[in-house]
Amino acid sequence: MLKAHGIKKGDRVCIYMPMVPEAAYAMLGCARIGAVHSLVFAGFSSGSLVDRISDSQCKLVLTADSAMRGDKRTDLKVIVDNAS
């Protein structure tokens, strides 16, 4: 999937996901092709996410649709869309 989106060795990828197995899969995928990954805590706002994406010059953001934190649901995809 990363290669299909044009990610290659040396590119930077932002991973904005909750603590789920898919986050580890994303990290391993980046490592396998030589892309640098930047993990961003899934509780950050869109403004904080923009800062981290621009500071690290990420080409791609990997996220989940939503995350549960306690009994509260956070729509991560909406936050990423607002950050772009």
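Scroll up a little and you will see the structure.
This section reports on the structure supplied with the text. All of these numbers come straight from a predicted model, not from anything done at the bench. (Residues numbered from 1 in each chain as written. Predicted model: local features only at pLDDT ≥ 70, side-chain atom pairs only at ≥ 80, totals over all residues. Heavy atoms only, no water.)

## A short note on the overall build of the protein chain
Looking only at helices and strands, the protein chain has three helices and five strands in total. Ordered by position from the N terminus, the helices and strands of the protein chain form the series β-α-β-α-β-β-β-α. For the protein chain, whose C-alpha radius of gyration is 12 Å, the value lies close to the compact-globule estimate of 12 Å for 84 residues. In terms of principal-axis extent, the alpha carbons of the protein chain reach across some 40 × 25 × 20 Å. (Helix = DSSP H or I, 4+ residues; strand = E, 2+ residues; numbered from the N terminus. Rg over C-alpha atoms; globule rule 2.2 N^0.38 Å.)

## Points about the sheet that holds strand E3 (residues 60-63)
Pairing between the strands of a sheet is mediated by backbone hydrogen bonds and can be parallel or antiparallel. As summarised here, the arrangement of the three strands in space is E2-E1-E3, forming an open sheet in which the pairing is parallel. Bordering the open sheet on either side are strand E2 (36-39) and E3, each of which pairs with just one other strand. Adjacent strand axes in the sheet meet at a mean angle of 25° when their direction is disregarded. Alignment of strand E1 (residues 12-16) against E3, held across four bridges, turns out to be parallel. Within E3, the residue paired with cysteine 14 across the bridge is valine 61. Here helix H2 (residues 46-56) sits on the sheet in contact with E1, E2 and E3, set at roughly 160° to E1. Contacts from helix H3 (residues 76-83) reach E1 and E3 within the one sheet, and its direction differs from that of E3 by about 160°. (Pairing = 2+ DSSP bridges. Axes fitted to C-alpha atoms, helices over the stretch in contact; angles between N-to-C directions. Contact = heavy atoms within 4.5 Å.)

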